[in-house]
Amino acid sequence: MGEFTMFNQGDRAPNNGTYIEAGVNSFHMGIENPKKVTLHKGERFPENTNHERKWIRMPK
């Protein structure tokens, strides 16, 4: 089984890392000044800037 790649506000982080806001249907277009957060495993994701955005793990 795989791990989820998109997370909603209030979900728990599956791993330590930096997460970034992304548009649900437009990963290739990007977002100007996306919100970034560093979370530890088990911490909850904060509120998104826009209801149509999700959190994804930032590439290394």
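Not measured: the values here are computed from a predicted model.

1. As for the overall build of the protein
Link 1 in the chain: Broken down by element type, the protein carries zero helices and three strands.
Link 2 in the chain: The N-to-C order of helical and strand elements in the protein reads β-β-β.
Link 3 in the chain: Per-residue burial over the protein gives 23% buried out of 60 residues.
Link 4 in the chain: By element, 51% of the accessible surface of the protein is carried by carbon and sulfur atoms, the whole surface being about 4600 Å².

2. Looking at the nonpolar core
Link 1 in the chain: In terms of nonpolar packing, the biggest core is built from seven residues, these being Phe7, Ala13, Tyr19, Val37, Leu39, Phe45 and Trp55.
Link 2 in the chain: Residues in contact with Phe45, not counting those within four places in the same chain, are Phe7, Asn8, Gln9, Gly10, Asp11, Arg12, Ala13, Tyr19, Leu39 and Trp55.

3. Remarks on the pairing of strand 2 (residues 36-39)
Consecutive side chains along a regular strand alternate between the two faces of the sheet.
Link 1 in the chain: In strand 2, alternate side chains face the same way, and those of Val37 and Leu39 are buried while those of Lys36 and Thr38 on the opposite face are not.
Link 2 in the chain: Of the pairings in the sheet, the one linking strand 1 (residues 17-23) to strand 2 comprises four bridges and is antiparallel in character. From the neighbouring strand, Gly17 faces strand 2, where its bridge partner is Leu39.

What counts and what doesn't
Residues numbered from 1 in each chain as written. Predicted model: local features only at pLDDT ≥ 70, side-chain atom pairs only at ≥ 80, totals over all residues. Heavy atoms only, no water. Helix = DSSP H or I, 4+ residues; strand = E, 2+ residues; numbered from the N terminus. Buried < 20%, exposed > 50% of the residue type's maximum accessible area, 1.4 Å probe, protein only. Areas by Shrake-Rupley, 256 points an atom, 1.4 Å probe, with all protein chains shown as cover. Core = buried A, V, L, I, M, F, W, Y, C linked by side-chain atoms within 4.5 Å. Contact = heavy atoms within 4.5 Å. Pairing = 2+ DSSP bridges.

Interpretation note: all reported values are geometric properties and have no functional meaning in isolation.
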